[in-house]
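Breakdown of the fold
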Amino acid sequence: MKTSRPIRARIAPAAILHNYRLAKRHAPQSKAWAVIKANAYGHGQWRAVDALRNEADGFALLECENAVALREAGVTQPILMLEGIFSARDARAVIEHRLTSVIHCPEQLELLVRNGRFDTPISLCLKLNTGMNRLGFTATTLPKAWETLQQLPQVDVTLMTHFAEADGERGVSWQLEGFRKLAGDWAGPVSLGNSAAILRHPDAHGDWVRPGIMLYGASPFADQSAVELGLQSVMTLESAIIGVQELAAGDRVGYGGTFTADRAMRIGVVACGYADGYPRHAPTGTPIAVMGRRTRTVGRVSMDMLACDLTDIPEAGIGSPVTLWGQGIAGTVPADEVATAAGTIAYELFCAVAPRVPVVVDQPDVAGRP
Ligand SMILES: *Cc1c(COP(=O)(O)O)cnc(C)c1O
């Protein structure tokens, strides 16, 4: 619903395409499953699909129903179900719609074998647990799975694992070692890298990479910014100033009075709160931009509003545009910086944008350029 309340999430599909191409340049030998789970990390599944439809080698998501919807919308590329099947119905749909299902445990393999038909080719991604200890077969459960798979005709298997610390100091080599041990002399296709591995570990890509967060223009790293990586911001959360308060030294702001003015100050009240998806834990000092100038939030974020410091932006007043994060007319504030200030990651900020926030999709200009 378009509302007159000024908050908007602005989406730039051209930036998704730019970021996908950047992933492919980092992994030139690999195909890529564009990860569009969680409603494309809050950007809108169909917006991401439309942006990448002619270019992505495949798409990765969670729900079988969504995978089928992509097929019904004419998507012909491989579609990977990252958590595999959940029901007998999913098992049948995987075969009927030529979906690629992860199989991560013996029970799931059993569910597929009992309910699937195997007279047409089927693609599976067998997930190996190499140290993340979330999903995947281990040295104990893998041999029996191999046995079962060998009895199925026309099954294409890709071996896959997921990295727990590709963005951190420990890196991926320890998991690659575990992968080699489990995979033995496997010569078939493998799928390894997430965004962090794509950008930082060229030895950990495999035949298929799985870029997620980088498509949406945020950095998977705490120590390297999206701009430094060449990524373009996709989502801009923008709003406007709807109230102004003049404070004297000693005045406090917001619930709990967690911020006290130490001098005369001018405060802007922004139409954006935690019910819009802005993190309530963002403390005083979280970056925000007003009329092209960077400033800081002050006091506690409330449900529908937050406050920012306008003392050094005298030209700002009611109606002035605000960028909460992203790259907007009111300025640029990397989502990663807001996330860091709030003790979280941009993934969570994007996914948390509330349904009440109207979305505006940037259109390419008349010449078709982004
Ligand atoms: C979400 C997910 C990805 C994408 O991770 P990013 O860090 O967003 O690039 C890749 N692989 C699997 C299995 C995932 O669940």
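Residues numbered from 1 in each chain as written. Predicted model: local features only at pLDDT ≥ 70, side-chain atom pairs only at ≥ 80, totals over all residues. Heavy atoms only, no water.

**Side note on the environment of Leu 231**
Among the secondary structure elements, Leu 231 is positioned in the loop between helix 10 (226-229) and strand 10 (235-247). By relative accessible area, which is 6% here, Leu 231 ends up buried. With 15 residues separating them along the chain, Leu 231 and Tyr 216 place their C-alpha atoms 8.4 Å apart. (Helix = DSSP H or I, 4+ residues; strand = E, 2+ residues; numbered from the N terminus. Buried < 20%, exposed > 50% of the residue type's maximum accessible area, 1.4 Å probe, protein only.)

**Here's the deal with the packing of helix 3 (residues 45-52) against helix 4 (residues 64-72)**
Here helix 3 crosses helix 4 at 40°, and the two axes come no closer than 12 Å. As summarised for this structure, helix 3 and helix 4 are arranged oblique, according to the angle between their axes. Considering only the axes of helix 3 and helix 4, their crossing is right-handed. Packed against helix 3, whose contacting residues are Gln 45, Trp 46 and Val 49, the element helix 4 presents Asn 66, Ala 69 and Leu 70 at the interface. Partitioned by chemical class, the residues of the contact of helix 3 with helix 4 number four nonpolar, two polar and no charged. (Axes fitted to C-alpha atoms, helices over the stretch in contact; angles between N-to-C directions. Parallel < 35°, antiparallel > 145°, perpendicular 65-115°, else oblique. Left-handed = near helix turned anticlockwise from the far one by under 90°. Contact = heavy atoms within 4.5 Å. Nonpolar A, V, L, I, M, F, W, Y, C, P; charged D, E, K, R; others polar.)

**Comments concerning the pairing of strand 17 (residues 321-328)**
In the sheet, strand 10 pairs with strand 17 via four bridges, with the strands oriented antiparallel. Bridging across to strand 17, Glu 238 finds its partner in Thr 323. Bridge analysis of strand 14 (residues 287-290) against strand 17 gives two bridges, and the strand direction is antiparallel. Each residue of the ladder has a partner; that of Ala 289, found in strand 17, is Thr 323. Two strands pair when backbone bridges link them, and strand 17 and strand 18 (residues 331-333) are joined in this way by three bridges, in the antiparallel orientation. In the sheet register, Gln 327 faces strand 18, and the bridge partner there is Thr 332. Counting the residues between successive antiparallel strands, the hairpin from strand 17 to strand 18 contains two residues. (Pairing = 2+ DSSP bridges.)

**A short note on the domain arrangement of the chain**
Often, the extent of an interface is quoted as the loss of accessible area upon association of its parts. Here the chain is described as being made up of domain 1 (13-219) and domain 2 (235-361). With centres defined by C-alpha atoms, the gap from domain 1 to domain 2 works out at 37 Å. Counting the surface lost from both domain 1 and domain 2, the interface buries some 840 Å², and carbon and sulfur atoms represent 72% of this. Ranking the residues of domain 1 by area buried against domain 2 places Tyr 41, Arg 47 and Ile 213 at the top, with a combined share of 45%. At the surface where domain 1 touches domain 2, the tally comes to zero salt bridges. Across the contact surface, domain 1 and domain 2 share one residue pair in polar contact (both at pLDDT 80 or more). (Domains from an automatic or database assignment. Buried area = accessible area lost by both parts, 1.4 Å probe. Salt bridge = Lys/Arg side-chain N within 4 Å of Asp/Glu carboxyl O. Polar contact = N/O pair within 3.5 Å; in protein donor to acceptor, adjacent residues only side chain to side chain.)

**Some words on the site of the ligand**
With respect to spatial proximity, 14 residues lie near the ligand, and among them Lys 37, Tyr 41, Ser 195, Ile 213 and Tyr 347 are the closest. In this structure, Tyr 41 approaches the ligand through a side-chain N or O atom, which is 2.5 Å from an oxygen atom. Within the side chain of Arg 210, an N or O atom sits 2.8 Å from a nitrogen atom of the ligand. For the ligand, whose unbound accessible area comes to 390 Å², protein coverage reaches 92%. Taken together, the residues that form the shell around the ligand break down as seven nonpolar, four polar and three charged. (Near = heavy atom within 4 Å. Areas by Shrake-Rupley, 256 points an atom, 1.4 Å probe, with all protein chains shown as cover.)

**Points about the nonpolar core**
Core analysis: the biggest nonpolar cluster contains 117 residues, and Leu 52 and Trp 325 have the highest contact counts within it. Here this core gets six residues from one element, more than from any other, and that element is helix 1 (residues 13-26). Each of domain 1 (13-219) and domain 2 (235-361) contributes no fewer than three residues to this core. Among residues more than four places away in sequence, those in contact with Trp 325 are Met 235, Thr 236, Leu 237, Gly 277, Tyr 278, Pro 279, Val 333, Ala 335, Val 338, Leu 349, Phe 350 and Val 353. (Core = buried A, V, L, I, M, F, W, Y, C linked by side-chain atoms within 4.5 Å.)

**Thoughts on the side chain of His 43**
You can see His 43 is positioned in the loop between helix 2 (37-41) and helix 3. What makes His 43 buried here is its relative accessible area of 0%.

**Description of the packing of aromatic side chains**
Each aromatic ring pair is characterised by the separation of its centres together with the angle its planes make. According to the stated counting rule, one finds five aromatic pairs in the structure shown. Both rings, one in Trp 33 and one in Trp 208, keep their centres 4.2 Å apart while their planes meet at 20°; by these two values the pair is stacked. Residue Trp 33 is found in strand 2 (residues 31-35), and its partner Trp 208 is found in strand 9 (residues 208-209); the two are separated by 175 residues along the sequence. On the numbers, 4.8 Å between centres and 25° between planes, the contact of Tyr 41 with Tyr 216 is stacked. Within this pair, whereas Tyr 41 is found in helix 2, its partner Tyr 216 is found in the loop between strand 9 and helix 10, the two being separated by 175 residues in sequence. The two residues Tyr 41 and Tyr 216 agree in class, both being buried. Clustering of aromatic rings is evident, with ring pairs tying together Tyr 41, Tyr 216 and Tyr 347. In this structure, Arg 170 is placed above the aromatic ring of Trp 174, and the distance from its NZ or CZ to the ring centre is 3.6 Å. (Phe/Tyr/Trp six-rings, centres within 6.5 Å; stacked < 30°, edge-to-face > 60°. Lys NZ or Arg CZ within 6 Å of the ring centre and 35° of its normal.)

**Quick word on the sheet that holds strand 9**
Taken together, the eight strands give an open sheet; going across it, the order is 8-7-6-5-4-3-2-9, and neighbouring strands pair in parallel fashion. Each of the sheet's edge strands pairs with one partner strand only, and the pair in question is strand 8 (190-191) and strand 9. Taken together, the two bridges between strand 7 (residues 155-160) and strand 8 define a ladder with parallel strand orientation. Bridging from a neighbouring strand, Leu 159 pairs with Val 190 of strand 8. Where helix 4 meets the sheet, it contacts strand 3 (58-61) and strand 4 (79-81), and its direction lies at approximately 175° from that of strand 4.

**Brief notes about the pattern of salt bridges**
Under the defined criterion, the tally for this structure stands at 17 salt bridges. As a salt-bridge pair, Asp 57 and Lys 24 come within 2.5 Å of each other at their nearest N and O atoms. Taken together, the residues Asp 57 in the loop between helix 3 and strand 3 and Lys 24 in helix 1 connect sequence positions 33 residues apart. Overall, Lys 24 belongs to the partly exposed group, its relative accessible area being 25%. Ionic contacts of the salt-bridge type, sharing partners, join the residues Arg 5, Asp 276, Asp 304 and Arg 356 into one network.

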